Amino acid sequence: ISRYHVKKLLSNGGVAIIVPGGVSEVLKMEKEREVVYLRKRYGFVKIAIQTGAALMPAYAFGATRTYSWWRLGPPVMTKKLAERISKILLFAPIVFWGRFFGPCPRKGALVTVYGPPIEVKQTDEPMQEYVREVLDRFIEGMEKVYYENRDEFGYKDVELVIE
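In short, a report on the structure. (Residues numbered from 1 in each chain as written. Predicted model: local features only at pLDDT ≥ 70, side-chain atom pairs only at ≥ 80, totals over all residues. Heavy atoms only, no water.)

Thoughts on a nonpolar patch on the surface
Rules: The patch calculation keeps residues exceeding 30% relative accessible area without a salt bridge and links them within 9 Å when they carry like charges or within 5 Å when they are nonpolar (Val, Leu, Ile, Met, Phe, Trp, Tyr). Here the Shrake-Rupley method, with its probe set to 1.4 Å, supplies the accessible areas, and only the displayed protein chains count as covering residues. The salt bridge definition used is simple: a Lys or Arg side-chain nitrogen within 4 Å of an Asp or Glu carboxyl oxygen. The helix and strand labels rest on DSSP assignments: H or I over at least four residues marks a helix, E over at least two residues marks a strand, and numbering proceeds from the N terminus.
Taken together, Val 23, Ile 88, Leu 89 and Phe 91 make up a surface patch of nonpolar side chains, about 390 Å² in accessible area. Note that Leu 89 resides in helix α4 (residues 79–89).

As structure tokens, then:
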């Protein structure tokens, strides 16, 4: 969906669920930690500010356990080379499998936990400093949601890394 359509939807009072990590997040996944790629993702925050839409920090527990995966990178090639190849291809070459080594996800709970909304001041042309401030609050909210709920959903010893 385009930026235009998201802005139109939010301006009309609708709700948009955006997963901002994209290919970069796939390239940073690790099996022993939960990795979220957010620190350089300003676009969704800017759209929220331009439309006056609140941001809702959330975390989906169980999502990383529904599939096993293998992607380009060490030991086959350096992480940097894998990133360059992914940039050229416009996707992250990854092989994933679920139940019975097929495309169906493994059985298990998938629970999304939400934090309180982060209200923003509507501004058509927000200053980058304000966008950064709101993104920082969003990241803090996501960390809070994760760490307050991880024990309940079997992630007690799993760290959250936000890059």
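Section: the nonpolar core
To keep it simple, the criterion reads: Here, nonpolar core refers to any group of buried Ala, Val, Leu, Ile, Met, Phe, Trp, Tyr and Cys residues whose side-chain atoms link them within 4.5 Å. Only protein chains enter the calculation, and the probe is 1.4 Å; a residue is then buried if its accessible area is under 20% of its type maximum, exposed if over 50%, and partly exposed in between.
Within the largest apolar cluster, 24 residues are counted, with the highest numbers of intra-cluster contacts made by Leu 38, Val 45 and Leu 55. Breaking this core down by element, the ones donating at least two residues are α3 (43–51), β2 (58–61), α5 (128–149) and β6 (160–162). Take this core: its biggest share by element is eight residues, from α5.

Re a negative patch on the surface
The line we're drawing: Counting rule applied: Lys, Arg positive; Asp, Glu negative; His and chain ends not counted. Every charge is mapped onto a representative atom, which is NZ of Lys, CZ of Arg, CG of Asp or CD of Glu.
Taken together, the side chains of Glu 129, Glu 133, Asp 136 and Glu 140 present a region of like negative charge at the surface. For Glu 133, a relative accessible area of 40% gives the class partly exposed.

As for unusual backbone geometry
Omega for the peptide link from Pro 74 to Pro 75 comes to 5°, which places this bond in the cis form. Along the polypeptide, Pro 75 turns up in the loop between β3 (68–71) and α4. Of note in this structure, Phe 100 is not a glycine but carries a positive phi near 55°. As for its placement among the helices and strands, Phe 100 is situated in the loop between β4 (94–97) and β5 (111–114). The phi dihedral of Phe 101 is positive, around 60°, even though this residue is not glycine. The topology assignment puts Phe 101 in the loop between β4 and β5.

Points about the side chain of Gln 50
What counts here: A 3.5 Å cut-off defines polar contacts: any pair of N or O atoms within that distance qualifies, except that in protein one atom must be a possible hydrogen donor and the other a possible acceptor, and neighbouring residues in sequence count only when both atoms are side-chain atoms. Contacts are residue-level and defined by heavy atoms, with any inter-residue pair within 4.5 Å sufficient.
Mapped onto the elements of the fold, Gln 50 is located in helix α3. Residue Gln 50 is classed as buried on the basis of its relative accessible area of 12%. A distance of 3.2 Å separates a polar side-chain atom of Gln 50 from the backbone oxygen of Asp 124. When residues no more than four places from it in sequence are discounted, the contact partners of Gln 50 are Lys 7, Gln 122, Thr 123, Asp 124 and Pro 126.

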